[in-house]
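Chains, contacts and geometry: an overview
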Amino acid sequence: MAAYKPVVVQACPKLGEKITQDTLYWRGYKTPVQIKEFGAVNKIDFSPVPPYNYAVTASSRVSGFSEAFMLLSFSTGRCNALLFFQIHIYGRYSQEPIKTFSRFRDAAYCATYRDDGRLLAAGSEDGSICLFDVSGKAPLRQFEGHTKPVHLVGFLSDKYRIFSGGDDYSSNLWDIPSATEIISYHEHTDYVRCGCASKVNADVFITGSYDHTVKLFDARTKSSVLTIEHGHPVESVLLFPSGGLLVSAGGRYVKVWDVLKGGQLLVSLKNHHKTVTCLCLNSSGERLLSGSLDRHVKIYSTTSYKVVHSFNYATSILSLALSPEDETIVVGMTNGVLNVKHRKPEEKSENTQKKRQPAYRTYVKGRSYMPKQEDFCVSKPVKRVLRKYDKLLRSFQSSKALDAVLEPPIMLHTPEVTVAVMQELHRRGTLRSALAGRDEKQVNLLLTFVARRVIEPRFTPVLVTVADMITDIYQPVVGQSAIVDKQFLKLQEAIGKEIDYQEELLEVLGMMDTLFATFTKKKDTCLEENKSNGVTEIIETNMNF
């Protein structure tokens with residue numbers, strides 16, 4: 001008696017994400033912690049020194065009855081909003097601010113640490129710049145000079161000067177000890193919203209503006225020394241630690257420029273669907289991160305500038321920061337939520353010694369041995385484990401075998417198994433009997449599967465036959481069950497849409513055939529002309545002789 005052969009399930013290639021070292025590395029972060037701020041988070045900046053606290057700038061204008069920051073003036077009988085515009089300092093693992101700077105008259109922007117982590121500077125809506133000691137609360141210095149909001153503040157690498165940019169189109173340089181303005185540049189023609197300082201040269205800083213330009217300034221000159229045209233309003237700029245490469249972000253583009261070659265464009269990246277709002281480098285400078293209003297953070301390799309990984313967030317992203325040791329990623333969003341991810345600690349087993357594994361030759365020993373003529377070979381029978389539907393098919397229980405593959409786990413996750421059993425039943429000639437005699441619930445389940453999967457090309461040949469049989473068997477009872485009638489209508493709609501798609505494809509195919517036929521005729525005409533010209537030349541040559 002021949003042994004039963006299990007049902008052959010058609011294997012289809014699965015399209016999955018390619019697992020790389022970058023994928024494993026960036027997936028090594030814990031579940032994010034959500035911290036709610038009182039406004040859109042416009043800037044996040046990590047302290048460059050341990051314990052790597054980070055400053056969060058978030059401001060929101062409040063009016064009317066607010067849940068916080070409200071002062072009732074009973075003498076006038078009116079409700080006045082008392083606004084506190086604050087900068088919060090968070091520890092790496094704290095979910096509550098460990099310190100707050102609130103001495104602002106209006107909205108605060110762009111809080112930035114100095115390289116030694118001891119000072120913090122921030123701009124504000126009223127055009128002033130405040131300088132704080134991290135260990136204190138009151139401002140150490142206040143710089144007045146901008147006439148409109150200041151969205152850019154940073155320290156030069158000499159630690160004694162501050163550069164700023166505001167909505168009055170100006171870029172200013174300030175002296176910290178004397179709290180005076182050193183020089184003011186008025187070269188931009190729109191809001192100055194981003195900038196960075198060179199770590200190599202203490203006199204160089206860069207600003208980006210909504211006038212689509214990025215300008216490089218040298219404090220020793222009275223005008224900019226380099227202007228780069230980005231092509232879109234510039235939201236963020238970043239200078240590599242070497243000082244030779246500059247990254248600008250604006251619109252949907254992230255562009256890399258060679259500063260040493262006069263601002264030559266090296267790469268233009270367009271991997272986001274909406275405006276790119278922030279840029280960040282990891283600690284080694286080998287990975288570039290960009291955040292966008294499309295709710296994604298893209299991670300690029302700085303050697304190939306290809307996307308190696310990406311994160312997806314709930315809402316649009318305004319700010320992004322990575323801790324100096326890449327241990328923490330903090331993302332600020334438009335809804336005022338801080339998303340904080342920490343790396344999972346690496347498990348180190350120093351005391352435990354690894355158990356010595358057998359050598360490779362142990363596993364392959366005897367595999368290449370060829371039996372001799374006098375050897376007696378003993379073959380060990382291989383026990384084959386059959387699936388539930390195979391056992392039922394082996395005992396010719398067609399209807400129960402079909403029920404076994406119509407269970408939700410199989411039907412939803414491995415539909416190819418369900419279709420393979422249907423195909424086997426059709427081959428045996430028992431498919432019609434397996435489909436017949438079912439109640440309302442079973443017919444509903446069967447039609448749901450067919451209507452959902454009949455449009456998939458790998459299942460269409462089998463499921464069209466199944467749909468034809470179901471319609472033929474249950475046609476007399478149509479109209480008796482609203483549930484079954486609804487599933488028949490869904491099946492009709494799915495098949496109708498597929499037919500429309502096929503008709504459109506046939507129209508496109510006809511257009512392409514006509515186009516290719518035109519090309520072929522032109523090619524044949526050219527060949528005939530060349531042949532005729534060749535014959536004419538030969539005749540003329542013979543006549544000359």
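This report concerns the structure included in the present document. (Residues numbered from 1 in each chain as written. Predicted model: local features only at pLDDT ≥ 70, side-chain atom pairs only at ≥ 80, totals over all residues. Heavy atoms only, no water.)

Some details on the packing of aromatic side chains
Filter applied, for reference: Note on aromatic contacts: the rings of Phe and Tyr and the six-membered ring of Trp form a pair at centre separations within 6.5 Å, being stacked when their planes are under 30 degrees apart, edge-to-face when over 60 apart, and tilted otherwise. To sort residues, take the accessible area from a 1.4 Å probe on protein chains only and compare it with the maximum for the residue type: under 20% means buried, over 50% means exposed, and anything in between is partly exposed. Helix numbering and strand numbering both begin at the N terminus, where a helix is a DSSP run of H or I of at least 4 residues and a strand a DSSP run of E of at least 2.
Per the counting criterion, the structure on display carries 14 aromatic pairs. Taken together, a centroid distance of 6.2 Å and an interplanar angle of 15° make the contact between W26 and Y29 stacked. Of the two residues, W26 and Y29, both sit in the buried class. Ring plane angle 80° and centroid distance 6.4 Å describe the contact between W26 and F311, whose orientation is recorded as edge-to-face. In this pair, W26 is assigned in helix α1 (residues 21–26) and F311 in strand β27 (residues 307–312), connecting sequence segments 285 residues apart. The exposure class of F311 is buried, given its relative accessible area of 8%.

Observations concerning the sheet that holds strand β17 (residues 204–209)
In plain terms, the rule: Criterion used throughout: strands pair if DSSP finds at least two bridges between them. Fitted lines through C-alpha atoms serve as axes, helices being fitted only where they are in contact, and the angles separating the N-to-C directions of these axes extend from 0 to 180 degrees.
Spatially, four strands are ordered β16-β17-β18-β19 in an open sheet, and the strand pairing comes out antiparallel. In this open sheet, the two edge strands, each paired with only one partner strand, are β16 (192–197) and β19 (224–229). Strand-to-strand twist across the sheet, computed as the mean angle between neighbouring axes with direction ignored, equals 20°. As paired strands, β16 and β17 are joined by five bridges and run antiparallel to one another. Looking at β17, one finds that C194 is bridged to G208.

As for the pairing of strand β30 (residues 337–342)
Counting buried positions along β30 yields six of six residues, so the element is predominantly enclosed. Of the two faces of β30, the one carrying V337, N339 and K341 and the one carrying L338, V340 and H342 are both buried. Of the strand pairs in this sheet, strand β1 (residues 33–36) and β30 are connected by four bridges, and their pairing is antiparallel. Bridge pairing links I35 to L338 in β30. Turn length for the strand β29 (residues 328–333)-β30 hairpin, with the two strands adjacent in sequence and antiparallel, is three residues, and the turn residue G336 shows positive phi of about 80°.

Comments concerning the pattern of salt bridges
Convention followed: Each salt bridge in this description consists of a side-chain nitrogen of Lys or Arg and a carboxyl oxygen of Asp or Glu lying within 4 Å of one another.
As enumerated under the stated definition, the model contains 19 salt bridges in all. D22 serves as the salt-bridge partner of R287, at 2.8 Å between the closest nitrogen and oxygen. In this pair, R287 sits in strand β25 (residues 287–292) while D22 sits in helix α1, placing the two residues 265 residues apart along the sequence. We note that R287, like D22, is buried. Residue R161 is joined to D203 by a salt bridge in which the shortest nitrogen-to-oxygen separation is 2.8 Å. With R161 in strand β13 (residues 161–166) and D203 in the loop between β16 and β17, this residue pair connects regions lying 42 residues apart in the sequence. Taking the relative accessible area as the measure of exposure, R161 reaches 15% and is therefore buried. D203 gets classed as buried once you look at its relative accessible area, which sits at 15%. A single network of salt bridges, built from pairs that share partners, joins D158, R161, D203, D218 and R220.

Overview of the nonpolar core
Basically, it comes down to this: Remark: nonpolar core denotes a set of buried residues (Ala, Val, Leu, Ile, Met, Phe, Trp, Tyr, Cys) joined through side-chain atoms within 4.5 Å. Any pair of residues with heavy atoms lying within 4.5 Å of one another is described as a contacting pair.
In terms of nonpolar packing, the biggest core is built from 39 residues, with L402, M422, L435, V450, L463, V466 and I470 touching the most fellow members. Counting only elements with at least two residues in this core, the list comes to α3 (388–394), α4 (398–405), α6 (415–428), α7 (431–435), α8 (440–453), α9 (460–474) and α10 (482–544). Among the elements that make up this core, the one with the highest residue count is α9 (seven residues). Excluding residues that lie within four positions of it along the chain, L463 makes contacts with V419, M422, F449, V450, R453 and V454.

Notes on the environment of S316
Convention followed: Here a polar contact is recorded for every N or O atom pair within 3.5 Å, except that within protein the pair must consist of a potential hydrogen donor and a potential acceptor, and residues adjacent in sequence are included only if both atoms are side-chain atoms.
Assignment of secondary structure puts S316 in the loop between β27 and β28 (317–322). The spacing of S316 and T334 is 18 residues in sequence and 5.8 Å in space, taken between C-alpha atoms. A polar contact is formed between the side chain of S316 and the backbone oxygen of L293, at a distance of 2.9 Å.

So, α6
Definition in use: Every helix has an expected span of 1.5 Å times one less than the residues it contains.
The terminal C-alpha atoms of α6 lie 20 Å apart, and with 14 residues this matches the ideal 20 Å at 1.5 Å per residue to within 8%. A large share of α6 lies buried, amounting to 10 of its 14 residues. Of all the positions in α6, only P415, E416, V417, T418, V419, A420, V421, M422, E424 and L425 are classed as buried. Where α6 is buried, its residues meet α3, α4, α5 (408–413), α7, α8 and α9. Where α6 ends, the next residue or the one after it, G429, has phi of about 85°, a positive value.

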